[in-house]
Amino acid sequence: MLKYAVASRGDDISDALVERIIQSLNEFGLNQDKQEPEIVISVGGDGTLLQAFHDYSHRLEETAFVGIHTGHLGFYADWIPDEVENLIIHIAKTPFQIVEYPLLEVVVRYGDETTPKRYLALNESTVKNSEGSSLVCNVEIKGETFETFRGDGLCISTPSGSTAYNKALGGAILHPSLASLQIAEMASINNRVYRTVGSPLVLPQHHTCLLKLLNNADVQVTIDHYTINHEDISSIQCRVAEEKIRFARFRPFPFWKRVKESFVGE
Ligand code: NAP
């Protein structure tokens, strides 16, 4: 029997839908297993699925995700509440197809003896100065110095995160079948002393991007909706992760159709 878990955004509409889902899946003889689910049904929005991803990021090989939106159409949450009965029958009765999306690996290193910390992001990681002054860092790509960045910060996103913060920064929208990461600038300072490329960069798998911090001020590093505030960070290394997120697909909903419906109109 398929083991499932349900995650809710926590508002009344999402909670009520979660109750309905649990009841219907129980009628099919399926039980909720929050510890070791094979499928996680997220009810709310893309933010809810982001949280569900982090809750189960320790068992990505065994867990697939599916998202129902109770607000506007999402990129991860692409089922509407009216389709729930249909979705439940699919989950209970049919083996589902899996679509895998790339993730971002972020390794934070410190100036002291602190052990480096490794994170996985589904949308992006951002690096900003936490004291309101600008971030100054050397950007290395594949072991070679590329530029010295000075400005508000940098956003390193996954293809599926390219429609989130990255898009607001003028980054390109990337299809999630492209195992890659994108670096987008936040208000870079360009003058005779500081010069950056000024365009978003897309790196393939195994091209590592290393941000070596040059000013000793505290930096703020975000991983999706989480903020890490640590003193004495010396570098942040990003690359496409070995791990992937697995989505359960019960019907086609092409990525470009979702982009069109979200940003251009139906
Ligand atoms: P939030 O600030 O409450 O909401 C951010 C918005 O981004 C929500 O509308 C969310 O959709 C949407 N979103 C999340 N992932 C997306 C994706 N892959 N493609 C398109 N839209 C997406 O924060 P949150 O819900 O916890 O999400 C955290 C995310 O907020 C971060 O990962 C970052 O991408 C984004 N963010 C964006 C900006 C910006 O655009 N200027 C600034 C800061 C953070 P739902 O309403 O469906 O949940």
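Values in this document were obtained by computation on a predicted structure and should not be read as measured data.

Asker: In this structure, what is going on with the domain arrangement of the protein chain? I would like to understand it.
Answerer: Interfaces are often described in size by the accessible area the parts lose on coming together. The assigned domain composition of the protein chain is domain 1 (3-96 + 250-264) and domain 2 (103-242). Placing a centre on the C-alpha atoms of domain 1 and another on those of domain 2 gives a separation of 30 Å. Of the residues lining the interface, 12 residues belong to domain 1; the matching set on domain 2 comes to 17 residues. Of the roughly 1,300 Å² buried at the junction of domain 1 and domain 2 (both faces included), carbon and sulfur atoms supply 74%. The largest per-residue losses of area from domain 1 upon contact with domain 2 belong to His54, Tyr76 and Phe255, which jointly make up 39% of the total buried on that side. Where domain 1 touches domain 2, the interface holds zero salt bridges.

Asker: Teacher, can you tell me more about helix 3 (residues 84-93) here?
Answerer: An α-helix turns once per 3.6 residues; consequently, residues spaced three or four apart project the same way. Burial in helix 3 covers these residues: Val84, Leu87, Ile88 and Ile91. The buried residues of helix 3 all sit within an arc of 100° when viewed along its axis, so they share a single face. Contacts from the buried residues of helix 3 go to helix 1 (12-27), strand 2 (39-44), strand 3 (64-69) and strand 4 (77-79).

Asker: How should the UniProt feature "active site" (unreviewed entry) in the protein chain be read in this particular structure?
Answerer: Cross-referencing UniProt, the feature "active site" (unreviewed entry) maps to Asp46 in the present numbering. Mapped onto the elements, Asp46 comes out in helix 2 (residues 46-55).

Asker: Looking at this model, I keep getting lost on the site of the ligand. Mind explaining?
Answerer: Around the ligand lies a shell of 16 residues, among which Asp46, Gly47, Asn123, Glu124 and Thr163 are the nearest. Here an oxygen atom of the ligand sits 2.8 Å away from a polar atom, N or O, in the main chain of Gly47. Between the ligand and Asn123, the relevant distance is 2.9 Å, taken from a nitrogen atom to a side-chain nitrogen or oxygen of the residue. Looking at the shell around the ligand, the elements with two or more residues in it are helix 2 and helix 4 (165-168). Top element by residues in the shell around the ligand is helix 2. It accounts for three residues. Its residues assigned to classes, the shell around the ligand comprises six nonpolar, seven polar and three charged. Residue contributions to the shell around the ligand reach at least three from each of two domains, namely domain 1 (3-96 + 250-264) and domain 2 (103-242).

Conventions used here
Numbers given for residues are sequential positions, taken from 1 along each chain in its written order. Restriction of local features to residues with pLDDT of at least 70 applies here, the model being predicted, together with a cutoff of 80 or more for giving and counting side-chain atom pairs; totals for whole chains, interfaces and linings are based on all residues. Values shown for side chains rest on all heavy atoms present in the structure; no hydrogens or waters enter the calculation. Each domain span listed reflects an automatic or database assignment of domains. Whether two residues are in contact is decided by their heavy atoms, any of which lying within 4.5 Å being enough. The term buried area refers to how much accessible surface (probe radius 1.4 Å) is lost by two components on association, counted for both of them together. In what follows, salt bridge is the name for a side-chain nitrogen of Lys or Arg lying within 4 Å of a carboxyl oxygen of Asp or Glu. Using a 1.4 Å probe on the protein chains alone, a residue whose accessible area is under 20% of its type maximum counts as buried, one over 50% counts as exposed, and one in between counts as partly exposed. Strands are runs of DSSP state E lasting at least two residues, helices are runs of H or I lasting at least four, and both sets are numbered from the N terminus onward. In this context, the arc is that of the directions from the helix axis out to the C-beta atoms. UniProt positions are given in the numbering used here, feature names are shortened, and annotations may be inferred rather than shown by experiment. In these notes, residues near a molecule or strand are those with any non-hydrogen atom within 4 Å of it. N or O atoms within 3.5 Å of each other form a polar contact, as long as, within protein, one can give a hydrogen and the other can take it, and as long as residues adjacent in sequence are counted only when both atoms are side-chain atoms. Residue type decides the class: Asp, Glu, Lys and Arg count as charged, Ala, Val, Leu, Ile, Met, Phe, Trp, Tyr, Cys and Pro as nonpolar, and the leftover types, Gly among them, as polar.

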